[in-house]
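Residue-level structure breakdown
Spelled out, the chains give:
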Amino acid sequence: MRIQGSKVIREQLAKYMTDLKIEFSQGMILPSKNDVANLKISPTNTSPQTTKKASNSVSKNVSNPLSFGVKISTKTVTDKIEFKCEGKDLYRVFTDINMIQAFMRGTCREFSAEKGGRFVYLDGNVSGEFVQLTPYSKIVKRWRFKSWPEDHYSQVTLDIQEQDDCTKLVLTQTGVPENELDRTKEGWKNYFFDPIMFTFGYGFKL
């Protein structure tokens, strides 16, 4: 009896499982092999606006020294000075280290008169690099005072124009911090133009 009862129970359980599978699969369409092969996983449905919003929220938390910082109000310094010398002599005044140290009454910490060459003089208060050197006619350089905001440079252009009885120097300096405008003008006169004339006699008639 016990053996027969166990057999009947197993048969009933097997029939129940079969009926359950049939009932569960009714109304379902199973994929074919070709359907499985062509099945593609759809990307997450993220709208461009959502992506952009998430990107912006990240960028705001990243420090960017080039985009964020104090904006500087700048001015331009211009001047015209006549020197009683030839154009090549005035060019050498700004590119020959010996002549520079002579009228500055001091040594240059660093000086290389070539494109990309750096200069540091006036006890480290002035520094920068040469951008363009056109012999006897033009000098362009990046220039800054030590007291200026870090990494802020102005651009200095020295146009050397030789005349019949003198050489005219046209100074254009862009990007000078507004609060440093007067000091910069005085600096050119007191530390460059007047000492050059006095040291080399370029203030006298030819």
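Scroll up to find the structure.
Quick look at the structure, then. (Residues numbered from 1 in each chain as written. Predicted model: local features only at pLDDT ≥ 70, side-chain atom pairs only at ≥ 80, totals over all residues. Heavy atoms only, no water.)

Some remarks on a negative patch on the surface
Condition: In this analysis, a patch consists of residues with relative accessible area above 30% that form no salt bridge, clustered at 9 Å for like charges and at 5 Å for the nonpolar side chains Val, Leu, Ile, Met, Phe, Trp and Tyr. Only the protein chains shown count as cover for residues, with accessible areas throughout obtained via the Shrake-Rupley method and a probe of 1.4 Å. Any Lys or Arg side-chain nitrogen located within 4 Å of an Asp or Glu carboxyl oxygen qualifies as a salt bridge. Neither His nor the chain ends contribute to the count of charged residues, in which Lys and Arg are positive and Asp and Glu negative. Lysine's charge is taken at NZ, arginine's at CZ, aspartate's at CG and glutamate's at CD. A helix here means a DSSP run of H or I that spans at least four residues, while a strand means a run of E at least two residues long, and both kinds are numbered starting from the N terminus.
A cluster of acidic residues, Glu82, Glu162, Asp164 and Asp165, forms a negative patch at the surface. Within the secondary structure, glutamate 162 is located in strand S6 (residues 154-162).

Points about the pattern of salt bridges
Quick note on the threshold: Per-residue accessibility, obtained with a 1.4 Å probe over protein chains only, is compared with the maximum for each type, and a residue is labelled buried under 20%, exposed over 50%, and partly exposed between these values.
Taken as a whole, this structure holds 5 salt bridges when the rule is applied. With a closest N to O distance of 4.0 Å, lysine 88 and glutamate 86 form a salt bridge. A relative accessible area of 42% places lysine 88 in the partly exposed class. A salt bridge links arginine 142 to glutamate 129; its shortest N-O distance comes to 3.7 Å. Of the two residues, arginine 142 sits in strand S5 (residues 138-145) while glutamate 129 sits in strand S4 (residues 126-134), which places them 13 residues apart along the sequence. Judged by its relative accessible area of 30%, arginine 142 is partly exposed. Overall, glutamate 129 belongs to the partly exposed group, its relative accessible area being 23%.

Some words on the environment of lysine 146
Here lysine 146 lies in the loop between S5 and S6. Given the relative accessible area of 59%, lysine 146 is considered exposed. It is 7.2 Å that separates the C-alpha atoms of lysine 146 and glycine 124, two residues lying 22 residues apart in sequence.

Observations regarding the sheet that holds strand S1 (residues 74-83)
This is how it is decided: What makes two strands pair is DSSP finding at least two bridges between them. Should any heavy atoms of two residues lie within 4.5 Å, those residues are counted as being in contact. Axes here mean lines fitted to C-alpha atoms, for a helix over just the part in contact, with angles spanning 0 to 180 degrees between N-to-C directions.
Spatially, the 7 strands line up as an open sheet ordered S1-S7-S6-S5-S4-S3-S2, and their pairing is antiparallel. Every interior strand has two partners, whereas the edge strands, S1 and strand S2 (110-111), have only one. In terms of strand pairing, S4 meets S5 through 8 bridges, oriented antiparallel. When the sheet's bridge partners are listed, leucine 133 is paired in S5 with isoleucine 139. Of the strands in this sheet, S1, S2, S4, S5, S6 and strand S7 (167-177) are in contact with helix H4 (residues 87-95), which crosses S6 at around 155°.

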